Amino acid sequence: MSTPAGFDELIHPATRLSVVALLAATEWADFAFVRDSLSLSDSALSKQLHTLEGAGYLAIQKEGGGRNRRTKVRLTDRGRTAFEGHVAALRAIVDSAGPAAGAARQQPHAEAGR
């Protein structure tokens, strides 16, 4: 089976997919909110955010200074388009294994009992 159009290898790993899915539901999100929502360490989240930022999929904005410094992140238009394409590709994969594929898998079991 070939990979459907829109499948994005960069987004696909579970942690990055979780980050992008969370950000798709909002305009901006605080770093701490994303970290806590996904139960990630600061360093693990930072690594994923910088990978996504390098691809142009998200923007990182730092506000304030010292102890009051806050980091906010958001999906860019490119990131949102990539996420939507990836979700569509995943749906296509799942749909290709839908009821018709399920019936084909069950048929040999029915004949085994004869």
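This structure is a prediction, so every number in the text was calculated from the model and none was measured.

Thresholds, definitions, all that
- Residues numbered from 1 in each chain as written.
- Predicted model: local features only at pLDDT ≥ 70, side-chain atom pairs only at ≥ 80, totals over all residues.
- Heavy atoms only, no water.
- Pairing = 2+ DSSP bridges.
- Helix = DSSP H or I, 4+ residues; strand = E, 2+ residues; numbered from the N terminus.
- Contact = heavy atoms within 4.5 Å.
- Axes fitted to C-alpha atoms, helices over the stretch in contact; angles between N-to-C directions.
- Parallel < 35°, antiparallel > 145°, perpendicular 65-115°, else oblique.
- Left-handed = near helix turned anticlockwise from the far one by under 90°.
- Nonpolar A, V, L, I, M, F, W, Y, C, P; charged D, E, K, R; others polar.
- Buried < 20%, exposed > 50% of the residue type's maximum accessible area, 1.4 Å probe, protein only.
- Salt bridge = Lys/Arg side-chain N within 4 Å of Asp/Glu carboxyl O.

**A few points about the sheet that holds strand 3 (residues 70–75)**
Spatial ordering of the open sheet is given by 1-3-2, a layout of 3 strands whose pairing is antiparallel. Edge positions in the sheet fall to strand 1 (29–30) and strand 2 (58–63), since each has one partner strand and no second. In this structure, strand 2 lies alongside strand 3, joined through 6 bridges in antiparallel fashion. Paired with Gln-61 across the strands is Lys-72, a residue of strand 3. Contacts from helix 3 (residues 42–54) reach strand 2 and strand 3 within the one sheet, and its direction differs from that of strand 2 by about 120 degrees.

**Looking at the side chain of Thr-76**
Among the structural elements, Thr-76 can be located in the loop between strand 3 and helix 4 (77–96). Apart from residues lying up to four places away in sequence, Thr-76 is in contact with Gly-56, Tyr-57, Leu-58 and Ala-59.

**What about the packing of helix 1 (residues 14–24) against helix 2 (residues 31–38)?**
It is at 11 Å that the axes of helix 1 and helix 2 come closest, and there the two elements cross at 125 degrees. What the angle tells us is that helix 1 and helix 2 run oblique. Both helix 1 and helix 2 take part in a crossing whose hand is right-handed. In this structure, helix 1 contributes Ser-18, Val-19, Leu-22 and Leu-23 to the contact, and helix 2 contributes Phe-33, Val-34, Ser-37 and Leu-38. The residue inventory of the contact of helix 1 with helix 2, partitioned by class, reads 6 nonpolar, 2 polar and no charged.

**Digging into unusual backbone geometry**
Of note, Ser-39 is a non-glycine position whose phi angle comes to about 55 degrees, a positive value. Position of Ser-39 relative to the elements: it lies in the loop between helix 2 and helix 3. Classification of Ser-39 as exposed rests on a relative accessible area of 66%.

**Some thoughts on the pattern of salt bridges**
Within the structure shown, the criterion is met by 4 salt bridges. Salt-bridge contacts for Asp-36 lead to Arg-35; the nearest nitrogen and oxygen are separated by 2.9 Å. A residue is classified by how much of its surface remains accessible, and Asp-36, at 52% relative accessible area, is exposed. The network of salt bridges with common partners includes Arg-35, Asp-36 and Asp-42.

**Describing the pairing of strand 3**
Note that strand 1 and strand 3 share 2 bridges and pair antiparallel. If you follow Ala-29 over to strand 3, its bridge partner there is Val-73. Counted between consecutive antiparallel strands, the loop separating strand 2 from strand 3 contains 6 residues, among which Gly-64 sits at a positive phi close to 75 degrees.

**Notes on the packing of helix 2 against helix 3**
The angle between the axes and the distance between the axes are what describe a pair of packed helices. At a minimum axis separation of 10 Å, helix 2 and helix 3 run at an interaxial angle of 110 degrees. In this view, helix 2 runs roughly perpendicular relative to helix 3, as classed from their interaxial angle. Helix 2 and helix 3 meet at a crossing whose hand is right-handed. From helix 2, Phe-31, Val-34 and Arg-35 reach across to helix 3, where they touch Asp-42, Leu-45, Ser-46 and Leu-49. Tallied by class, the residues present in the contact of helix 2 with helix 3 amount to 4 nonpolar, 1 polar and 2 charged.

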